[in-house]
Amino acid sequence: MADLAFDPAGHPFESVGHAPASTGLAPASAAYAPGSAGAVPGAGDSLAGSAGFLTELRGALPRLADGLLVTVEATALGAALALLLAYVLGLSSRSARLPVRGGARLVVEFLRGTSLYVQLFWLFFALPMLGFRLEPLACGVLALGLNFGAYGAEVVRGAVAAVPRAQTEAGIALSMGPALRLRRVVLPQAHALMVAPFKNLLVQLLKATPLLSLVTVPDITFQIDQVRSATGSTAASYLLLLGIYGGTAALLGLLMNALERAAKARLGQEGGV
Amino acid sequence: MWDGEAAGAALPVVLEGFGITLLATVLGFAVAAVLGLALAVVERAGPRWVAVPLRGAAGFVRSTPLLVQLFAAWVLVPKLDALALGVLVLGVHYATYLSEVYRTGIDAVPRGQWEACTALSLPRRRVWRAVVLPQAVRNVLPPLGNYAVSLFKETPLLSVITVHEMVHEANAFGSTHFAYLESFTLAGAVFLLASWPTSLLVRRLEARLAH
């Protein structure tokens, strides 16, 4: 793993191909790759340049689709792991037993306090030195899931705490057990409160996925960077990439809005059909 | 496994990078705090033809990845020093978050305050500066603090544009000494040691402001 010679300053996948050409950047940027393919900022986006860009883009479409699929996959798997962890840690941190509660709090604080970037790099570079080697995508999904799971745990904890106490008391009065109470009374009401914060977290998670390209995962950022290197159309490439992320984020937002309406409809609240 | 000697050698290197990390955090958050406040006020009180496009642009910046923004800025604005550019991009990105925070703070200022200003026929400028903003900012201090901590934890991204902050240094040390385990573990520990007390402080501030 070490001979991959990852250098965050040099966008690892770039070091495979294009030799850095001077773009008039600071000397330190010789090691830096984006923008190295002879792209004179601005000039590469002339009419002739954009025609070449479109041709190249059409040729690269299958690879771009692959990249987008990897990004979506990382987002979906990361979010699934995060959701699971959020429930486990969030509900544990409301446990009546101190060891469970304290343990959950510690894990949450640990995962939130050490930066996502350190966690990802740790899993990718340091873990193999302990004898465990994970696929790059697995490293990414694990890092995203652990980090966002800890943030999600706070959402779950807060939402459950926000359900009025009388609801639990009514459940007790009806001699419902703790599990049944949680499942049929508390959680359905908490869900409606969780969706909006989860929407923010999901968009944040999507926006964190380009990090995976730093540990050699061929996501959409990786693929479009290849197109950029091949054409030198820097502005067009990055604008397209930003547009793809913005569009995906908007789609996720619509999806989560629908989920929120559905959760509220089940409770007979406003916005339901 | 864990090599104490390598860790001892890595520590000063990592801590030196931590200086740059702190510098980037402070400068980045200063940019974000000022720009975010300006954004919030203009979006609220500026003329429509400025406010509407600005809101759209802020939404776009907010919903796209910081990493890609850093790449784009690095390639498109070649003349700027890496740290300065990184601080600016970080600051603009977080300004779009903070403008939302300020907005909720402004919305939470009671209507009566505005009406009192009208009754006293205070000039608009003075209403914002002396009445609305002091209350609005005070109310949102805890979320501002949370965003400062979150910005702090995102500074490692600046390493992709050659800023020699902590994770960059940890990575460089790891690759030259084959000591990734020690260097990245130390970097993580420094993040934890710095961000945990800060978030505890923010939580206490929150509790104090709550009443």
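Note that residues are indexed from 1 along each chain, following the sequence as it is written. As they are written, the chains are lettered A onward and the ligands numbered 1 onward, keeping that order. Since the coordinates come from a predicted model, pLDDT governs what is reported: local features require at least 70, and pairs of side-chain atoms require 80 or more to be given and counted, while whole-chain, interface and lining totals use all residues. The side-chain figures draw on all heavy atoms in the structure; neither hydrogens nor water molecules are used.

Some thoughts on the overall build of chain A
Helices and strands together make up the secondary structure of chain A, namely 8 helices and 0 strands. In chain A, the order of α-helices and β-strands from amino to carboxyl end is α-α-α-α-α-α-α-α. Burial classes: relative accessible area under 20% of the type maximum marks a residue as buried, over 50% as exposed, and values in between as partly exposed (1.4 Å probe, protein chains only). Buried residues in chain A amount to 46% of all 273 residues. Contacts are residue-level and defined by heavy atoms, with any inter-residue pair within 4.5 Å sufficient. Of all intrachain contacts in chain A linking residues separated by at least 6 positions in sequence, the fraction that spans at least 24 positions is 74%. When the accessible surface of chain A is split by element, carbon and sulfur atoms take 67% of a total near 12500 Å². Working definition: helices are DSSP H or I runs of at least four residues, strands are E runs of at least two. Numbering for both runs from the N terminus. Per-residue and other accessible areas were derived by the Shrake-Rupley procedure at a 1.4 Å probe size, with only the shown protein chains allowed to occlude residues.

Comments concerning the confidence of the model for chain A
Regions with low pLDDT carry predicted coordinates that are not meant to be interpreted in detail. Taken over all residues, the pLDDT of chain A has a mean of 82, while the share at 70 or more is 80%. Segment residues 1-48 of chain A: pLDDT under 50, and 95 contacts once partners within four positions in sequence are set aside and those in other chains are kept. Predictor confidence is given residue by residue as pLDDT, running from a minimum of 0 to a maximum of 100.

Observations regarding the pattern of salt bridges
Residues and elements named next belong to chain A. Salt bridges, as used here, are contacts in which a Lys or Arg side-chain nitrogen is within 4 Å of a carboxyl oxygen on Asp or Glu. Per the counting criterion, the structure on display carries 12 salt bridges over all chains. When the shortest N-O distance is used, the salt bridge between Glu 154 and Arg 157 registers 3.2 Å. With Glu 154 and Arg 157 both in helix H4 (residues 136-162) and 3 residues apart, this pair spans about one turn of that helix. Of the charged contacts, one joins Arg 228 and Asp 225 as a salt bridge, the two residues approaching to 3.2 Å between their closest N and O atoms. Remark: Asp 225 and Arg 228 occur in helix H7 (residues 220-231); sequence separation between them is 3 residues, near one turn of the helix. Overall, the relative accessible area of 1% leaves Asp 225 in the buried class.

Notes on the packing of aromatic side chains
Only the six-membered ring of Trp is used, alongside the rings of Phe and Tyr, when aromatic pairs are assigned; centres must lie within 6.5 Å, and planes under 30 degrees apart are stacked while those over 60 apart are edge-to-face, with the rest tilted. Across all of its chains, the model carries 13 aromatic pairs over all chains by this definition. Note on A:Phe121 and A:Phe125: the rings are 6.3 Å apart at their centroids and 65° apart in plane angle, and the pair reads as edge-to-face. Of the two residues, A:Phe121 and A:Phe125 are both situated in helix H3 (residues 116-126); the distance of 4 residues between them amounts to about one turn of the helix. Overall, A:Phe121 belongs to the buried group, its relative accessible area being 1%. Ring centres of A:Phe125 and B:Phe184 lie 5.9 Å apart, and the angle between their planes is 20°; on these two criteria the pair is classed as stacked. Linking A:Phe125 in helix H3 with B:Phe184 in helix H9 (residues 180-209), this pair reaches from one chain into another. B:Phe184 shares its class with A:Phe125; the two are buried. Taken together, the ring pairs in this structure connect A:Phe121, A:Phe124, A:Phe125, B:Tyr180 and B:Phe184 into an aromatic cluster.

So, the UniProt feature "transmembrane region" (unreviewed entry) in chain B
UniProt positions are given in the numbering used here, feature names are shortened, and annotations may be inferred rather than shown by experiment. Under the present numbering, the feature "transmembrane region" (unreviewed entry) in UniProt falls on residues 20-42 of chain B. Taken end to end, residues 20-42 of chain B comprises 100% helix and 0% strand; its first and last C-alpha atoms sit 32 Å apart.

Some remarks on the packing of H3(A) against H4(A)
All names here are of chain A. The axes are straight lines fitted to the C-alpha atoms, using for helices just the contacting stretch, and the angles between their N-to-C directions are given from 0 to 180°. Two numbers describe how H3 lies on H4: the axes approach to 9 Å, and their chain directions differ by 145°. In this structure, H3 crosses over H4, and the sense of that crossing is right-handed. Residues Leu 116, Gln 119, Leu 120, Leu 123 and Phe 124 of H3 form the contact with H4, whose participating residues are Pro 136, Cys 139, Gly 140, Leu 142, Ala 143, Leu 144, Asn 147 and Phe 148. Crossing chirality is assigned from the near helix's rotation relative to the far helix, an anticlockwise turn below a right angle marking it left-handed and a clockwise turn marking it right-handed.

Some details on the packing of H7(A) against helix H8 (residues 234-266) of chain A
Each pair of packed helices gets described by two things: the angle between the helix axes and the distance between those axes. Residue and element names in this part refer to chain A. Relative orientation of the contacting elements H7 and H8 amounts to 165°, with a least axis distance of 9 Å. What the angle tells us is that H7 and H8 run roughly antiparallel. For the element pair H7 and H8, the recorded crossing hand is right-handed. Listed contacts from H8 to Ile 220, Thr 221, Ile 224, Asp 225, Arg 228 and Thr 231 of H7 are Thr 234, Ser 237, Tyr 238, Leu 240, Leu 241, Ile 244 and Tyr 245. Each residue is assigned to one of three groups, with Ala, Val, Leu, Ile, Met, Phe, Trp, Tyr, Cys and Pro labelled nonpolar, Asp, Glu, Lys and Arg labelled charged, and all others, Gly among them, labelled polar. Tallied by class, the residues present in the contact of H7 with H8 amount to 7 nonpolar, 4 polar and 2 charged. Here the word oblique covers every angle except those under 35 degrees (roughly parallel), over 145 (roughly antiparallel) and from 65 to 115 (roughly perpendicular).

Notes on unusual backbone geometry
Phi is positive for A:Ser175, which is not a glycine, with a value near 50°. Counting through the fold element by element, A:Ser175 comes out in the loop between helix H5 (165-173) and helix H6 (178-208). Here B:Phe178, not a glycine, exhibits a phi torsion of approximately 50°, which is positive. Relative to the helices and strands, B:Phe178 resides in the loop between helix H8 (166-177) and H9.

Things to note about the environment of B:Thr96
All names here are of chain B. Inspection of the secondary structure puts Thr 96 in helix H4 (residues 82-107). Given the relative accessible area of 2%, Thr 96 is considered buried. Separated by 41 residues in the primary sequence, Thr 96 and Arg 55 place their C-alpha atoms 9.1 Å from one another. If sequence neighbours within four positions are ignored, Thr 96 has contacts with Leu 39, Ala 58, Val 61 and Arg 62. Between N or O atoms, a polar contact is any pair within 3.5 Å; within protein, one atom must be a potential hydrogen donor and the other a potential acceptor, and residues adjacent in sequence are included only when both atoms are from side chains. Among the polar contacts made by the side chain of Thr 96, one reaches the main-chain carbonyl oxygen of His 93 at a distance of 2.6 Å.

As for the interface of chain B and chain A
In this assembly, 41 residues from chain B lie in contact with 48 residues from chain A. Among the ionic pairs, B:Arg203 bridges to A:Glu109, the shortest N-O distance being 3.0 Å. Counting the contacts that link chain B with chain A gives 10 residue pairs in polar contact (both at pLDDT 80 or more). When contributions to the side of chain B that touches chain A are tallied by element, the ones reaching two or more residues are helix H2 (48-62), helix H3 (66-76), H4, helix H7 (141-154), H8 and H9 of chain B. A class-by-class count of the residues in the side of chain B that touches chain A yields 25 nonpolar, 11 polar and 5 charged.

Examining the confidence of the model for chain B
Per-residue confidence for chain B gives a mean pLDDT of 93, with 100% of residues at or over 70. No element of chain B has a lower mean pLDDT than H9(B), at 90, and none a higher one than H4(B), at 96.

A look at the environment of B:Pro134
Residues and elements named next belong to chain B. Structurally, the position occupied by Pro 134 is in helix H6 (residues 124-139). Residues Pro 134 and Val 109, 25 residues apart in the sequence, show an inter-C-alpha distance of 9.8 Å. If sequence neighbours within four positions are ignored, Pro 134 has contacts with Trp 128 and Arg 129.

Focus: the environment of B:Val68
Here B:Val68 lies in helix H3. Sequence-distant contacts of B:Val68, defined by excluding residues within four places in its chain, comprise A:Pro210, A:Thr221, A:Tyr238, A:Leu241, A:Leu242 and A:Tyr245.

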